Amino acid sequence: MKNFYVTTPIYYVNDAPHIGHSYTTVLADILTRFHKIIGYQTFFLTGTDEHGQKVQRAAAKRGVTPQEHVDEYYHRFEDLWKKMNISNDFFIRTTMPEHKAYVQECLQKLWDKGEIYSKEYEGWYSVGEERFFSEDELDENKCDPISHRPVEWLKEKNYFFKMGSYQQKLIDFLESHKDWIVPDYRWNEIRGFLRQPLNDLCISRPKIRLSWGIPLPFDPDYVTYVWFDALLNYVSASTAFHKTYACSWPSTFRSRSTSSPTAGGS
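Every chain is numbered independently, its residues counted from 1 as its sequence is written. Residue-level local features of this predicted model are given only where pLDDT is at least 70; pairs of side-chain atoms are given and counted only at 80 or more, and the full residue set underlies all totals for whole chains, interfaces and linings. Excluded from the side-chain calculation are hydrogens and water; included are all heavy atoms of the structure.

Turning next to the pairing of strand 5 (residues 116-126). Note: strand 5 against strand 7 (residues 152-161), 10 bridges, orientation antiparallel. Counted as the bridge partner of Gly 123 is Leu 154 from strand 7. A pair of strands is labelled paired if DSSP reports no fewer than 2 bridges between them. By the criteria applied, helices consist of DSSP H or I runs no shorter than four residues and strands consist of E runs no shorter than two, each listed in order from the N terminus. When strand 5 meets strand 6 (residues 131-133), the two strands line up antiparallel, connected through 3 bridges. Bridged to Trp 124 within strand 6 is Phe 133. In this antiparallel pair of consecutive strands, strand 5 and strand 6, the connection spans 4 residues, and Glu 130 shows a positive phi of 55°.

Structure follows, in structure tokens:
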């Protein structure tokens with residue numbers, strides 16, 4: 001039997017769901033139902049992204065703990081999908097113990113293999129995007145180039161993943177698997193992005209600045225960068241929670257761990 005694994009993005013719980021969330025989820029639901037009709041074994045995932053500075057600040061503004069905040073807001077998404085008869089197989093929350101354990105397991109493996117290192121770092125930080133930007137990346141008003149909000153200058157020690165060492169591997173893999181990214185203009189965007197230097201990725205935040213996150217297993221004074229945590233949900237949902245669905249990943253992914261799609265068939 002052929003397999004089909006589709007996910008929505010996992011939605012950020014700093015606000016209530018809106019029409020964009022619903023549109024994306026309905027599209028994923030249509031894809032799932034279609035593949036079921038033509039005989040595929042399907043796995044449809046959705047859920048909520050519940051860590052990070054935006055959540056911590058939203059909770060503080062409301063006078064509640066981050067856990068209380070996400071426990072309230074995730075229900076708005078889960079309840080809406082039930083009301084809309086969305087046929088997802090699983091609703092993941094990144095605060096679930098199984099997901100947190102899986103993230104820490106991945107971090108520990110990367111640390112043990114020497115793929116993570118620490119260094120002092122300084123740069124312009126955007127709370128809205130929860131990432132650093134270089135001086136050249138800022139917009140004409142010296143603001144975050146994505147949201148165009150003010151940025152803060154930060155200097156601190158952090159941990160970095162050696163992402164730059166994977167640049168040529170990514171290029172080679174994607175050039176030989178052009179059907180992995182559709183439509184074509186998205187493939188062209190990725191190819192253009194990979195023509196630029198792929199810098200190492202900052203994957204931590206010090207607890208003195210951000211306490212709401214998954215602690216690094218090799219340094220409890222730091223938590224995991226929210227995007228490193230969140231992206232792993234697409235794998236943890238079919239391994240840590242539903243090991244029978246691990247086979248739903250395309251066969252090329254199971255044999256090569258260089259990239260991960262949010263939808264695919266095998």
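There is more to say, and it comes next.
Take the sheet that holds strand 11 (residues 219-224) next. Each strand in a sheet pairs with its neighbour through backbone hydrogen bonds, running either in the same direction (parallel) or in the opposite one (antiparallel). Taken in spatial order, the 3 strands of this open sheet run 9-11-10, and their pairing is antiparallel. At either end of the open sheet lies a strand with only one pairing partner, and these are strand 9 (204-206) and strand 10 (215-216). Direction of pairing for strand 10 relative to strand 11: antiparallel, over a ladder of 2 bridges. Residue pairing in the sheet places Pro 215 in a bridge with Val 223 of strand 11.

Turning our attention to the packing of helix 2 (residues 53-62) against helix 3 (residues 66-83). Fitted lines through C-alpha atoms serve as axes, helices being fitted only where they are in contact, and the angles separating the N-to-C directions of these axes extend from 0 to 180 degrees. Remark: helix 2 packs on helix 3, axes separated minimally by 8 Å, with the N-to-C direction vectors making an angle of 95°. Classified by the interaxial angle, the pair formed by helix 2 and helix 3 is roughly perpendicular. Between helix 2 and helix 3, the contacting residues are Val 55, Gln 56, Ala 58, Ala 59 and Arg 62 on the first element and Pro 66, His 69, Val 70, Glu 72 and Tyr 73 on the second. In the scheme used here, Gly and all other residues not listed as nonpolar or charged are polar, with Ala, Val, Leu, Ile, Met, Phe, Trp, Tyr, Cys and Pro taken as nonpolar and Asp, Glu, Lys and Arg as charged. Taken together, the residues of the contact of helix 2 with helix 3 sort by class into 6 nonpolar, 2 polar and 2 charged. By the definition adopted for this analysis, an angle is roughly parallel if under 35 degrees, roughly antiparallel if over 145, roughly perpendicular if from 65 to 115, and oblique otherwise. Working rule for contacts: check all heavy atoms of both residues, and any pair within 4.5 Å makes them a contact.

Attention shifts here to the pairing of strand 4 (residues 90-93). Residues Phe 90 and Ile 92 line one face of strand 4 and the alternating positions Phe 91 and Arg 93 line the opposite face, and both faces are buried. Pairing between strand 3 (residues 41-49) and strand 4: 4 bridges, direction parallel. Across the sheet, Gly 47 pairs through a bridge with Ile 92, a residue of strand 4. Here the term buried applies to any residue with accessible area under 20% of the maximum for its type, exposed to any over 50%, and partly exposed to those in between, with areas from a 1.4 Å probe on protein chains only.

Before going further, it helps to examine the pattern of salt bridges. Charged atoms that come close allow side chains of opposite charge to pair. By definition, a salt bridge exists where a carboxyl oxygen of Asp or Glu is found within 4 Å of a side-chain nitrogen of Lys or Arg. A full pass over the atoms with the stated rule returns 12 salt bridges. Measuring nitrogen to oxygen at the nearest pair gives 2.7 Å for the salt bridge that ties Asp 71 to Arg 93. Of the two residues, Asp 71 sits in helix 3 while Arg 93 sits in strand 4, which places them 22 residues apart along the sequence. Ionic pairing is found between Glu 156 and Arg 209, a salt bridge with its closest N-O pair at 2.6 Å. Taken together, the residues span a long stretch of sequence, with Glu 156 in strand 7 and Arg 209 in the loop between strand 9 and strand 10 at a distance of 53 residues. Side by side, Glu 156 and Arg 209 carry an identical accessibility label, which is buried. Within this structure, Glu 50, Asp 71 and Arg 93 form a network of salt bridges that share partners.

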